[in-house]
Amino acid sequence: METRNRKHILLRYSLVIVGVLLFSIAIVKKAADTCIIHADKWNAKAAQMLSVSLEVMPERGDILAQNGEVLATTMTYYGAIIDFTIPKFKAKEFNDSVQALSQMLAKYFPKKTAAAYEQSMRQAFKQGKRGYVLVNEVTGKDYKLMKTFPFLRYPTNYSGFYLNSTRIIKREKPYGNMASRAIGRLNEKFHGSSGLEKAFDSLLYGVPGKTIKKQIPSGIVDWVAVPPQRGLDVKTTIDIDIQDITEQALMEAIEETQPEFAVAVVMEVATGDIKAMSNLARLPNGEYLETVNNAVQGYEPGSVIKPLSMMIALDDGIVRPNDVINGHNGVFHYPPGRRVRPITDTHGRASMTALEAMKYSSNIGLSEIILRGYERNPDRFVQRIYEVGFMEPFDLGIPGAARPVIRHLKNDIGDRIDLTRMSYGYTTQIPPIYTLALYNTIANDGKFVKPRLVKELLRNGQTDTVFNIRYIREQACKPETARELRKMLYAVVNDNDGTGRRARSTKVGIAGKTGTVRVLGASGYESRYRITFCGFFPYEKPQYSCIVLLGKPDLPGMPSAGHYCGGVLKKIAETLYSMGRLDMPRVLPSDSTLTFAPSVMKGNLSDTREVLQTLGVQGDVSDCFHLETECDSMPDMIGMGARDALYLLEHAGLNVNIQGRGRVYEQSVPKGAALQPGTTVILRLK
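Parameters at a glance
Residues numbered from 1 in each chain as written. Predicted model: local features only at pLDDT ≥ 70, side-chain atom pairs only at ≥ 80, totals over all residues. Heavy atoms only, no water. Helix = DSSP H or I, 4+ residues; strand = E, 2+ residues; numbered from the N terminus. Buried < 20%, exposed > 50% of the residue type's maximum accessible area, 1.4 Å probe, protein only. Contact = heavy atoms within 4.5 Å. Areas by Shrake-Rupley, 256 points an atom, 1.4 Å probe, with all protein chains shown as cover. Lys, Arg positive; Asp, Glu negative; His and termini not counted. Salt bridge = Lys/Arg side-chain N within 4 Å of Asp/Glu carboxyl O. Pairing = 2+ DSSP bridges. Phe/Tyr/Trp six-rings, centres within 6.5 Å; stacked < 30°, edge-to-face > 60°. Polar contact = N/O pair within 3.5 Å; in protein donor to acceptor, adjacent residues only side chain to side chain. Core = buried A, V, L, I, M, F, W, Y, C linked by side-chain atoms within 4.5 Å. Patch = residues over 30% accessible without salt bridge, like charges linked within 9 Å, V, L, I, M, F, W, Y side chains within 5 Å. Axes fitted to C-alpha atoms, helices over the stretch in contact; angles between N-to-C directions.

Draft legend 1. Representation of the overall build of the chain in the model. Looking only at helices and strands, the chain features 20 helices and 26 strands. Put simply, the chain has 686 residues, and 46% of those count as buried. In the chain, the proportion of contacts linking residues at least 24 apart, taken out of those at least 6 apart, comes to 67%. Put simply, the chain shows about 34100 Å² of open surface, and 52% of that area lies on carbon and sulfur atoms.

Dropping the structure here:
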């Protein structure tokens, strides 16, 4: 028996030894085949693998407002994960802390309530989930904050809390849709597809880096051979406050008129800096969003372009402000004796002065003036438009921007008729930004400053390139011509019989001009209108110019451009006046007594009360508006702007539902109510 077992053992060992020898021979054979016989083939394959290089996407530069606040930036997000299966997971500590943890999560990540967070985490713990997603799309800064929360402050090998390695890179706009169309968008390859994102794409994108395959003892890894270079930052001329004021004023007009689209642009007179640009269009569901940049698209401008005709006529000495013009009692047949649709005025007059022709927005008056100087040579009028610089490109950095379309005229009857129509804004295509630049020139004593949307480029926070103020023409017209035109435009708004009187303000001197034009469709002019108001303020020392355009407002009859469009400009001017943003003194009421106290956002309350007492302001201020402190009870939100209200309530851990635009006039949770993190508060704005 013992001999038989020994034989079995020896046989098994012999088989093992033979197997090892055969395996060793195979290894030696394969090694010889690889290293000697086919060495060139494998060396070439290794070299091919090591020569592979990949592009590393650089960090895209930011788009900034004039004060450096971020309008568009690149954010990297991760998923915040809890692994409940790790061996050292502190189950007892988790159960003790889950309620407090849920409250902190609801406070700083209010996508769910505290109760929902707690229920979800307890269920995941019970199921022993390995990759439970606690919060989606958190930043590195968020992760550091979360590491201070109950339970999550434990090391990862006890809490199971970590960020996943999958990165989500997004282009974010901290101010939402503010100036969204001017800023632009990116495509799926992270290149600009519209707006400034497209115009400055090569600079914003940066320089891609390069990785190569490198062999190290543990294997082949991707090695950064050329590090990527971050893109430049683009600092715009956009003023956050003026943009916000403009958008709110425009939305109020939209709610009342329901147009197909709406445009509002505010420009600084001296520099040409565009301080605000809002383009809103109605979607099929009735919502208004920034879509097409209508501020740079061409439209028949109508009467709002009459100051260009008057400027040329005044500058060429064809007419003076007090010269009498034939009004033809409201019906002007030109040329006489021909069957041509006559030029008409809404309110017919036998005669008027040149100033009154502007004030009454007389089509006949402007036609008569332009015929005086250019009837025998119609194209000379078009040449003068070119000479003042009106047809030159602005190069705003907005892709797809149109230029004015004004055709040259021949010396025949047909083109003489077109000359009369051209004088009051028909048979042309003018982008609103060009009309605004014209009014800005009038406000600027004839200096035709080029509109500017980008101020400078920054590299690593330091100025790299400056876009200086430039002039299309140092003097597009004589200074005295600009002064006479300002008087005319002031009369349009401030005389009781001016077409723009609905835009008159008791606080700020406004000068400007209305424009109402029938929309040209495929089968001729429709019964719908496009209304415009363009002007500048304060009249005494013009600081800002502004144009407001509403396309096809849903209103019966002929809508009032002075009321609806001029009302937007008036609201912007008066708001800037109340903020102390205009170079003019603010006047207190005659009794120097106000019936309310302003809300204090920051500062010393006792000092504020002393100032209010000195000014004779009644009422007291509330310290619950101090944005740097947390309130235990619901503050009074009435009168606050959307951004401040949102910050304050979300900082207190509440969910906020904002309805409407403007300032808060109603809140769903009353003032003084106890705050419960995760509660949804509805704020209604107007």
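Once you've had a look at it, read on.
Draft legend 2. Structural context of the side chain of R181. Along the polypeptide, R181 turns up in helix α7 (residues 180-183). Buried and unpaired, R181 has E290 as its nearest opposite-charge partner, separated by 6.4 Å. In contact with R181, other than residues within four places in its own chain, are S194, G195, N279, E290, T291, V292 and N293.

Draft legend 3. Just the pattern of salt bridges, in detail. Using the criterion set out here, one finds 30 salt bridges in the structure. One salt bridge in this structure joins D201 and R60, with 3.0 Å as the shortest N-O distance. Here the residue D201 occupies a position in helix α9 (residues 201-205), and R60 occupies one in the loop between β1 (53-56) and β2 (63-64), the gap between them amounting to 141 residues. Given the relative accessible area of 0%, R60 is considered buried. Put simply, E484 and K487 hold a salt bridge, and the shortest N to O gap is 4.0 Å. Of the two residues, E484 and K487 both sit in helix α17 (residues 479-494), three residues apart, roughly one turn of that helix. When its relative accessible area of 28% is taken as the criterion, E484 is described as partly exposed. When its relative accessible area of 46% is taken as the criterion, K487 is described as partly exposed. Each member of the salt-bridge network shares a partner with another, and the members are D315, D316, R380, R384 and E387.

Draft legend 4. Representation of the side chain of E574 within the structure. Note on placement: E574 falls in helix α18 (residues 561-578). Within the buried set, E574 has no salt-bridge partner at all; the shortest N-O distance to an opposite charge, 4.6 Å, is to K507. Aside from chain neighbours lying at most four places away, what touches E574 is S505, T506, K507 and V508.

Draft legend 5. Up close: the pairing of strand β26 (residues 680-685). Alternating residues of β26 divide into V681, L683 and L685, all buried, and T680, I682 and R684, none buried. In the sheet, strand β24 (residues 655-659) pairs with β26 via five bridges, with the strands oriented parallel. Bridge assignment links N657 to a residue of β26, and that residue is I682. The pairing of strand β25 (residues 664-667) with β26 spans three bridges and is classified as antiparallel. Bridging from a neighbouring strand, Q667 pairs with L683 of β26.

Draft legend 6. Broad picture of the packing of aromatic side chains. Considering all chains together, one arrives at 22 aromatic pairs under this definition. Look at F94 and F151: their rings are 5.4 Å apart centre to centre, the planes differ by 70°, and that puts the pair in the edge-to-face class. Of this pair, F94 sits in helix α3 (residues 91-108) while F151 sits in the loop between α5 (140-146) and α6 (156-159); the two residues are 57 residues apart in sequence, bridging distant segments of the chain. Judged by relative accessible area, which is 2%, F151 ranks as buried. Three or more aromatic residues joined by ring pairs make a cluster, and in this case those are F84, F89, F94, F125, Y132, F151 and Y154.

Draft legend 7. Inspection of the environment of E356 at higher detail. Along the polypeptide, E356 turns up in helix α12 (residues 354-359). Looking at E356, the relative accessible area reads 24%, which means it is partly exposed. For the pair E356 and V492, spaced 136 residues apart in sequence, the C-alpha to C-alpha distance is 8.6 Å. A polar contact of 2.9 Å, which involves the side chain of E356, links it to the backbone nitrogen of T353.

Draft legend 8. Structural detail: helix α14 (residues 378-387). Every buried residue of α14 is accounted for by P378, D379, F381, V382, R384 and I385. Directly after α14, the chain includes G389, whose backbone phi takes a positive value near 95°.

Draft legend 9. Spatial organisation of the nonpolar core. Residues V265, L308, M310, F390 and I433 are the most contacted members of the largest nonpolar core, which totals 94 residues. The next biggest cluster of nonpolar side chains, apart from the first, holds 35 residues, and it includes I245, I254, A262 and C546.

Draft legend 10. Molecular detail of a nonpolar patch on the surface. Side chains of I9, Y13, I17, V18, L21, L22 and I25 sit close together on the surface and give an oily, nonpolar patch of about 730 Å² of accessible area. Tracing the backbone shows I9 in helix α1 (residues 2-37).

Draft legend 11. Examining the sheet that holds β24 more closely. The strand order across the open sheet formed by three strands is β24-β26-β25, and the pairing between neighbours is mixed. Each edge of the sheet is formed by a strand with only one pairing partner; in this case those strands are β24 and β25. Averaged over all pairs of adjacent strands, the angle between their axes in this sheet comes to 30°, without regard to strand direction.

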